[in-house]
Amino acid sequence: MPDAESTDSVDEIVDAWRRERPDLDFAPLQVLSRVWRLSRHLDRARRTSFGSSELESWEFDVLSALRRAGSPYQLSPKALLEETMVSSGTMTNRIDRLVGRGFVERRTSPHDGRGILVTMTNEGLARVDAAIAELVTSESKLLSALTKPDQERLAGLLRKLSRDFD
């Protein structure tokens, strides 16, 4: 049990459950309740970062997939589906909306006249670059209580935990 100075609200919740249900092992709550609470803080930080660049979360997802593809920042709709894990109907709608905002263009593939490539515009590039810079800064603040080695250790543990989900 942690000392009084290092306890948090999850410890209080788990202690209450242990008192009420001593027959159950509440070890999963010690980890996953904290992950859930941190995810709420992360969600707020991401919305703020994307909002500063006037992007929705889904817009950032698509634009960042294009940005990570490297110059000329283009992917097929199928590749975007694989990157963002949404349905084809959802992706079509997202591409339409991004075209409407001037962040991407549809172009005919030079390798296959029937194929389409989604290409990021200069405006889309500027928005996603600004958003990722702000996101990295805000996420660094969220992790500031941990040393770099602790951050690396936590990343490794979370990677191990999430590997089966991806």
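Residues numbered from 1 in each chain as written. Predicted model: local features only at pLDDT ≥ 70, side-chain atom pairs only at ≥ 80, totals over all residues. Heavy atoms only, no water.

### Examining the overall build of the chain
Which entries qualify depends on this criterion: Each helix is a run of H or I in the DSSP string that is no shorter than four residues. Each strand is a run of E no shorter than two, and both are numbered from the N terminus. To get the radius of gyration, use the C-alpha atoms; to get the globule rule, take the number of residues to the power 0.38 and multiply by 2.2 Å. Burial here depends on accessible area, computed with a 1.4 Å probe over protein chains only, as a share of the maximum for the residue type. Under 20% is buried, over 50% is exposed, and the range in between is partly exposed. Here, two residues are considered to be in contact whenever any of their heavy atoms come within 4.5 Å of each other. Using a 1.4 Å probe, accessible areas were evaluated by the Shrake-Rupley method; residue-level cover was limited to the displayed protein chains. Positive residues here are Lys and Arg, negative ones are Asp and Glu, while His and the chain termini are left out of the count. In this description, the location of a charge corresponds to atom NZ of lysine, CZ of arginine, CG of aspartate or CD of glutamate.
In terms of helices and strands, the chain carries seven helices and three strands. For the chain, the succession of helices and strands along the chain, N to C, is α-α-α-β-α-α-β-β-α-α. Relative to a compact globule of 166 residues, whose C-alpha radius of gyration would be 15 Å, the chain shows 21 Å and is clearly more extended. Over its C-alpha atoms, taken along the principal directions, the chain stretches across nearly 65 × 30 × 25 Å. Within the chain, the proportion of its 166 residues that are buried is 26%. In the chain, the proportion of contacts linking residues at least 24 apart, taken out of those at least 6 apart, comes to 49%. Approximately 11,400 Å² of the chain is accessible, and the part contributed by carbon and sulfur atoms is 54%. Across the chain, 25 positive and 27 negative side-chain charges occur, with their mean positions spaced 3 Å apart.

### Some thoughts on the packing of aromatic side chains
For the record, the criterion: Between 30 and 60 degrees the pair is tilted, below 30 it is stacked and above 60 it is edge-to-face, where a pair is any two Phe, Tyr or Trp rings, Trp via its six-membered ring, whose centres lie within 6.5 Å.
By the definition in use, this model includes two aromatic pairs. Residues Phe50 and Phe60 carry aromatic rings whose centres are separated by 4.3 Å and whose planes lie at 20 degrees to one another, so their mutual orientation is stacked. With a gap of ten residues between them, Phe50 in helix H2 (residues 27-52) and Phe60 in helix H3 (residues 57-68) connect regions that are remote in the sequence.

### Topic: the sheet that holds strand S2 (residues 104-108)
Note the cut-off: Think of it this way: DSSP has to see at least two bridges between two strands before they count as a pair.
Ordered in space as S1-S3-S2, the three strands form an open sheet in which the pairing is antiparallel. Both outer strands of the open sheet, strand S1 (74-75) and S2, are each paired with one neighbouring strand and no more. Summarising the sheet, S1 and strand S3 (residues 116-120) pair through two bridges and their orientation is antiparallel. Within the sheet, the bridge partner assigned to Gln74 lies in S3 and is Thr119.

### Observations concerning the layout of surface pockets
Condition: A cavity here means a set of 1 Å grid points, computed over protein atoms only, where a 1.4 Å probe fits but cannot escape. A pocket is an open set with protein on both sides within 12 Å along at least 5 of 7 lines, and lining residues have an atom within 4 Å of a point. Grid points are joined across faces, edges and corners, and a volume is the space filled by probe spheres set on the points. Asp, Glu, Lys and Arg are counted as charged, while Ala, Val, Leu, Ile, Met, Phe, Trp, Tyr, Cys and Pro are counted as nonpolar; the rest, among them Gly, fall into the polar class.
The volume enclosed by the largest pocket comes to roughly 1,000 Å³. Secondary structure elements with two or more residues in the lining of the largest pocket: helix H1 (9-20), H2, helix H6 (122-142) and helix H7 (148-162). In terms of residue count, H2 provides more of the lining of the largest pocket than any other element does, eleven residues in total. When its residues are assigned to classes, the lining of the largest pocket shows 14 nonpolar, six polar and seven charged.

### Examining the packing of helix H4 (residues 77-84) against helix H5 (residues 88-100)
The criterion, for reference: The axes are straight lines fitted to the C-alpha atoms, using for helices just the contacting stretch, and the angles between their N-to-C directions are given from 0 to 180°. Roughly parallel covers angles under 35 degrees, roughly antiparallel covers those over 145, roughly perpendicular covers 65 to 115, and oblique covers all other angles.
At their nearest, the axes of H4 and H5 sit 10 Å apart, and the two run at 110 degrees to each other. On the basis of their axis angle, the class for H4 and H5 is roughly perpendicular. Here H4 contributes Pro77, Leu80, Leu81 and Thr84 to the contact with H5, which in turn contributes Ser88, Met91 and Ile95. Looking at the contact of H4 with H5 residue by residue, the class counts come to five nonpolar, two polar and no charged.

### Points about the UniProt feature "domain: HTH marR-type" (unreviewed entry) in the chain
This is how it is decided: UniProt positions are given in the numbering used here, feature names are shortened, and annotations may be inferred rather than shown by experiment.
The UniProt record marks residues 28-163 with the feature "domain: HTH marR-type" (unreviewed entry), using the residue numbering of this structure. Strand forms 9% of residues 28-163 and helix 69%; the C-alpha atoms that close the span are 18 Å apart.

### Examining the nonpolar core
Note the cut-off: Here, the term nonpolar core denotes a set of buried Ala, Val, Leu, Ile, Met, Phe, Trp, Tyr and Cys residues that are joined through side-chain atoms within 4.5 Å.
Counting 23 residues, the largest nonpolar core has Leu55, Phe60, Leu63, Leu66, Leu80, Leu98 and Met120 as the members making the most contacts within it. Of all the secondary-structure elements, those providing two or more residues to this core are H3, H4, H5, S3 and H6. The dominant element in this core, judged by the number of residues it contributes, is H3, at six residues. The contact partners of Leu63, leaving out residues within four places of it in the chain, are Leu55, Leu98, Phe103, Val104, Met120, Gly124 and Val128.

### Observations concerning the pattern of salt bridges
We count it as follows: Salt bridges are defined by distance alone: a side-chain nitrogen of Lys or Arg within 4 Å of a carboxyl oxygen of Asp or Glu.
The tally for this structure, following the rule as stated, stands at 15 salt bridges. One salt bridge in this structure joins Glu20 and Arg19, with 3.4 Å as the shortest N-O distance. Note on Arg19: relative accessible area 59%, which makes it exposed. Put simply, Arg21 and Asp23 hold a salt bridge, and the shortest N to O gap is 2.6 Å. Under the relative-accessibility criterion, Asp23 is labelled exposed at 54%.

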